[in-house]
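A closer look at the structure
Listed below are the residues making up each chain.
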Protein chains: 2
Amino acid sequence: MTIPTRLTAGQIEQDLQTLKGWRVQEGKLFRELKFPSFVEAFGFLTALALVAERMNHHPEIYNVYNRVTLTLTTHDAHGLTVLDFELARAADQLSEQRGE
Amino acid sequence: MTIPTRLTAGQIEQDLQTLKGWRVQEGKLFRELKFPSFVEAFGFLTALALVAERMNHHPEIYNVYNRVTLTLTTHDAHGLTVLDFELARAADQLSEQRGE
C-alpha cells in the first residue's frame, strides 16, 4: 500500500475547517468526546474500530466511562495525511448518531 | 448500590499475587497488554466492556493498534476495592483467550 503524502500546514488548516471539534496537538489530530453513558461511548468506539480496520488506519483511543479521546496521526508519513482527516470525519459522523 | 470498602495495603499486596502482570501505580491497578493485531486487541476490549457494564464498574482504557493499557480504581471509594480485582481477573481471563 502506498503511504499517503504528509499534508502541509496550509492543507491541515483548511481541512480542520471541515471537521467538528478537532484541533492539532503536538502534530496530531485530537478530539475529546462525551456521551450520555458508557454504552454510547463504547458503541461509538466499536463502530469506529470497524471503520479503522477497513481503512487499515487506526486511532489512538482513550476511554473512561462516557468520555473518549481520539488522537490521529500517520506514523509511516511522520505527520498528518488524508487518512487522518478521513478517519476524523468518520468519527464525527458516528458520534453525531450517538448523542455526543 | 453499596460502595465496597477500600482495601488495605496488605490486602492489595495479597490480591496482586492472584493476578497476571498487574502492578499498582499511583494507587491504581495498572496493566499493559499486547495482542497479535488490532482485531484481537479490540475484540478483547469489547468483551471486557460487556463485563464492565454488567458489573457497573468501568476501566480506564488506552488503545493504540495492538496495544492496550488498563487502569482500574474505584472512584467512589477513593482507592482500590474488590471490584477492581474482580475486573482485573476478568481481563486476565479474556486476554488469555485472545493470544495476548
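First, a word on what this report is: a plain description of the structure on this page. Here the structure is a predicted model, which means the values were calculated and not measured.

**Observations regarding unusual backbone geometry**
Unlike most non-glycine residues, histidine 78 of chain A shows phi in positive territory, near 55 degrees. Inspection of the secondary structure puts histidine 78 of chain A in the loop between strand 4 (67-72) and helix 3 (82-96). With relative accessibility at 64%, the residue histidine 78 of chain A sits in the exposed group. Here glutamate 26 of chain B, not a glycine, exhibits a phi torsion of approximately 50 degrees, which is positive. When you line up the elements, glutamate 26 of chain B lands in the loop between strand 1 (23-25) and strand 2 (28-34). A residue is classified by how much of its surface remains accessible, and glutamate 26 of chain B, at 80% relative accessible area, is exposed.

**Considering the interface of chain A and chain B**
Interface size is commonly expressed as the accessible surface area that is lost when the partners come together. Each partner contributes to the interface: chain A provides 15 residues, whereas chain B provides 15 residues. Of the roughly 1500 Å² buried at the junction of chain A and chain B (both faces included), carbon and sulfur atoms supply 70%. Contact with chain B buries area across many residues of chain A, yet Phe38, Phe42 and Ile61 of chain A alone supply 34% of it, more than any other trio. One can count zero salt bridges joining chain A with chain B. Our enumeration of links across chain A and chain B arrives at four residue pairs in polar contact (both at pLDDT 80 or more). At the level of secondary structure, the elements contributing two or more residues to the side of chain A that touches chain B comprise helix 2 (38-55) and strand 3 (60-64) of chain A.

**Digging into the sheet that holds strand 4 (residues 67-72) of chain B**
Strand order in this open sheet of eight strands is 1(A)-2(A)-4(A)-3(A)-3(B)-4(B)-2(B)-1(B), and the pairing throughout is antiparallel. In this open sheet, the two strands that pair with only one neighbour each are strand 1 (23-25) of chain A together with strand 1 of chain B. Strand after strand, the sheet turns through a mean of 25 degrees between neighbouring axes, direction not considered. Alignment of strand 3 (residues 60-64) of chain B against strand 4 of chain B, held across five bridges, turns out to be antiparallel. In the strand pairing of strand 4 of chain B, valine 64 of chain B is matched with arginine 67 of chain B. Here helix 2 of chain A sits on the sheet and contacts strand 2 (28-34), strand 3 and strand 4 of chain A together with strand 3 of chain B; the angle it forms with strand 4 of chain A, its principal contact strand, is near 25 degrees.

**Overview of the pairing of strand 4 of chain A**
Residue and element names in this part refer to chain A. In terms of burial, strand 4 is a largely internal element, five of the six residues being buried. The pairing of strand 2 with strand 4 spans six bridges and is classified as antiparallel. Bridge pairing in strand 4 places glutamate 32 opposite threonine 69. Where strand 3 folds back on strand 4, the antiparallel hairpin that results is connected by two residues, among which tyrosine 65 adopts a positive phi of roughly 50 degrees.

**Comments concerning the pattern of salt bridges**
Residue and element names in this part refer to chain A. Scanning all chains against the criterion turns up four salt bridges over all chains. For arginine 31, the salt bridge is made with aspartate 92, and the minimal N-O distance between the two is 2.6 Å. Taken as a pair, arginine 31 in strand 2 and aspartate 92 in helix 3 lie far apart in primary sequence, 61 residues in all. An identical accessibility class is assigned to arginine 31 and aspartate 92; each is buried.

**Section: the relation of the copies chain A and chain B**
Of the transformation placing chain A onto chain B, the axial shift is 0.0 Å and the rotation is 180 degrees, giving an RMSD of 0.0 Å. This pairing of chains is accounted for by a two-fold axis. Of the C-alpha atoms belonging to chain A, the one lying closest to the rotation axis is found on tyrosine 62 of chain A, 2.2 Å away. When you check the interface residues of chain A against chain B, 100% turn up at the interface there too, and the contact is symmetric in its surfaces.

**So, the environment of isoleucine 61 of chain B**
Secondary-structure assignment places isoleucine 61 of chain B in strand 3. Along the chain, isoleucine 61 of chain B and valine 24 of chain B lie 37 residues apart, while their C-alpha atoms are 16 Å from each other. Ignoring anything within four residues of it in the chain, the contact list for isoleucine 61 of chain B reads Phe42, Ile61, Tyr62 and Asn63 of chain A together with Leu45, Thr69 and Leu70 of chain B.

What counts and what doesn't
- Residues numbered from 1 in each chain as written.
- Chains lettered and ligands numbered in written order.
- Predicted model: local features only at pLDDT ≥ 70, side-chain atom pairs only at ≥ 80, totals over all residues.
- Heavy atoms only, no water.
- Helix = DSSP H or I, 4+ residues; strand = E, 2+ residues; numbered from the N terminus.
- Buried < 20%, exposed > 50% of the residue type's maximum accessible area, 1.4 Å probe, protein only.
- Contact = heavy atoms within 4.5 Å.
- Buried area = accessible area lost by both parts, 1.4 Å probe.
- Salt bridge = Lys/Arg side-chain N within 4 Å of Asp/Glu carboxyl O.
- Polar contact = N/O pair within 3.5 Å; in protein donor to acceptor, adjacent residues only side chain to side chain.
- Pairing = 2+ DSSP bridges.
- Axes fitted to C-alpha atoms, helices over the stretch in contact; angles between N-to-C directions.
- Least-squares fit on C-alpha atoms with pLDDT ≥ 70 in both.

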